[in-house]
Amino acid sequence: MAHTAMSGSGTTDADDPLQTAVWRLRSRGCWADAAALLTPTADDPTVAVQRASLLIERCLYTEAGWADAEDALRAAEAVAQDDEERGAAACERGYLAYAATLHGVRDRADEARAALGRSAALLGPSSPRRALLDFRRGLVAQYLADAPQAARAAYRRAHAAATAQGDTLLLAFTWRHLAGLALREGELAEARHGFSESLRLREELGYLVGTAPALAALADAEPEPEASRLRAEAQRLFRLLGGVPTWLATQFAPHPAA
């Protein structure tokens, strides 16, 4: 199964020391530590959503921490005051339900679709959050509904919006997932280009925890010996980060016949 990396709503404002510290921890897979930095101001609806998002991302990468993510999400829902804030929380609700379904914790596919639909109804047409929402709706279409055409359309909307907003991290994810669909259809040149762009952006951002998946994805579209070189580098990073993301482990397990 082609597991999905976490989407992101962007990098950080370099002039904000707190957000810079949060990004550095997040990019190295230290989600709980990043969320702890935000806890003192988590009564702010925007901060509360960000904190929940970090803990949901941890669930995607580690398949653990579900209760903490649920608690943070409920707190974000409780402090939301307007449609934008409620829409942001609903987007995270849909993402957590998606993650639980993807990892086989519990089938929450209907909840994921309903929450993302509610988010779409709440967020205004010019909301900067719609790019991330479109990306997540693409994930649900591709991985829960097996509807690649609908997924492609959603990814393309997200890609265009992320480009317009300068959301480099989200672009890294849209490139990767569009490339994955291209690979599925045998469009190797298009797949290589998308995977290469995704890897380049993640490396430029210093998004270390997302670099191993990007290397492994590109390896699937490259011939030997380049494919083996990329997989070896991905495995090195995977081990460096203590076996995160967990779903890469199956790619690096010894072959039964070896």
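In this text the structure is predicted, and so the values were computed from the model without any measurement.

Of the residues in the chain, 92% have a pLDDT of 70 or more, and the chain-wide mean is 93. Confidence drops under pLDDT 50 across residues 1–13; counting only partners more than four residues distant or on other chains, this segment forms 55 contacts.

Looking now at helix α5 (residues 83–102). The end-to-end C-alpha separation of α5 is 28 Å, in line with the 28 Å expected for 20 residues at 1.5 Å each. Count one or two residues on from α5 and you reach Gly104, which has phi positive near 75°.

Further remarks concern unusual backbone geometry. Going from Glu224 to Pro225, the amide bond is cis rather than trans, its omega being 5°. Within the secondary structure, Pro225 is located in the loop between α11 (211–219) and α12 (226–240). Between Val244 and the following residue, Pro245, the backbone shows a cis peptide bond with an omega angle of 0°. Residue placement: Pro245 occurs in the loop between α12 and α13 (249–252). Notably, Glu63 is not glycine yet its phi reads approximately 55°, a positive angle. Along the chain, the position of Glu63 falls in the loop between α3 (45–62) and α4 (66–79). Even without a glycine there, the phi angle at Asp146 is positive, about 50°. Mapped onto the fold, Asp146 is located in the loop between α7 (130–144) and α8 (148–165).

Before going further, it helps to spend a moment on the nonpolar core. Of all hydrophobic cores here, the largest spans 55 residues; its most connected members are Tyr98, Tyr155 and Tyr207. Ranked by size, the runner-up nonpolar core spans 21 residues in total, among them Phe195, Ala219, Ala221 and Ala227.

Attention shifts here to the state of the cysteines. Applying the stated criterion across every chain yields a total of zero disulfides. For Cys30, which is in no disulfide, the shortest distance to another cysteine sulfur is to Cys59 and amounts to 16 Å. No disulfide involves Cys91; its nearest neighbouring cysteine sulfur is the one of Cys59, lying 15 Å away. Using a relative accessible area of 4% as the deciding quantity, one classes Cys91 as buried.

This part takes up α7. An α-helix turns once every 3.6 residues. As a result, residues three or four positions apart point the same way. An ideal rise of 1.5 Å per residue puts 21 Å on 15 residues; α7 measures up with 20 Å between its terminal C-alpha atoms. Buried residues dominate α7, accounting for 12 of its 15 residues. The set of residues buried in α7 consists of Ala131, Leu132, Leu133, Asp134, Phe135, Arg136, Gly138, Leu139, Val140, Ala141, Gln142 and Tyr143. Where α7 is buried, its residues contact α3, α5, α6 (109–122), α8 and α9 (168–184). The positive-phi residue at the C-terminal boundary of α7 is Asp146, with phi of around 50°.

Attention now goes to the pattern of salt bridges. Enumeration according to the criterion identifies 21 salt bridges in this entry. Measuring nitrogen to oxygen at the nearest pair gives 2.8 Å for the salt bridge that ties Arg26 to Glu57. You can see Arg26 sitting in helix α1 (residues 17–27) and its partner Glu57 sitting in helix α3, a full 31 residues away along the chain. Judged by its relative accessible area of 9%, Arg26 falls in the buried class. In the salt-bridge network here, residues are joined through shared partners; they are Glu70, Arg74, Glu77, Arg93, Arg108 and Glu111.

Tracing the chain through its elements places Glu92 in helix α5. We classify Glu92 as buried; its relative accessible area is 5%. Here Arg136 takes part through its side chain, which lies 3.0 Å from a polar atom of the side chain of Glu92.

A separate point is the packing of aromatic side chains. Each aromatic ring pair is described using two quantities: the centre-to-centre distance and the angle formed by the ring planes. Using the criterion set out here, one finds six aromatic pairs in the structure. A ring pair is formed by Tyr95 and Tyr98, whose centres lie 5.8 Å apart and whose planes are at 5°; its orientation type is stacked. Taken together, the residues Tyr95 and Tyr98, both in helix α5 and three residues apart, mark about one turn of the helix. Residue Tyr95 is classed as buried on the basis of its relative accessible area, which comes to 2%. Judged by relative accessible area, Tyr98 falls into the buried class, the value being 1%.

Cut-off values and rules
- Residues numbered from 1 in each chain as written.
- Predicted model: local features only at pLDDT ≥ 70, side-chain atom pairs only at ≥ 80, totals over all residues.
- Heavy atoms only, no water.
- pLDDT = per-residue confidence, 0-100.
- Contact = heavy atoms within 4.5 Å.
- Helix = DSSP H or I, 4+ residues; strand = E, 2+ residues; numbered from the N terminus.
- Expected span 1.5 Å × (residues − 1).
- Core = buried A, V, L, I, M, F, W, Y, C linked by side-chain atoms within 4.5 Å.
- Buried < 20%, exposed > 50% of the residue type's maximum accessible area, 1.4 Å probe, protein only.
- Disulfide = S-S within 2.5 Å.
- Salt bridge = Lys/Arg side-chain N within 4 Å of Asp/Glu carboxyl O.
- Polar contact = N/O pair within 3.5 Å; in protein donor to acceptor, adjacent residues only side chain to side chain.
- Phe/Tyr/Trp six-rings, centres within 6.5 Å; stacked < 30°, edge-to-face > 60°.

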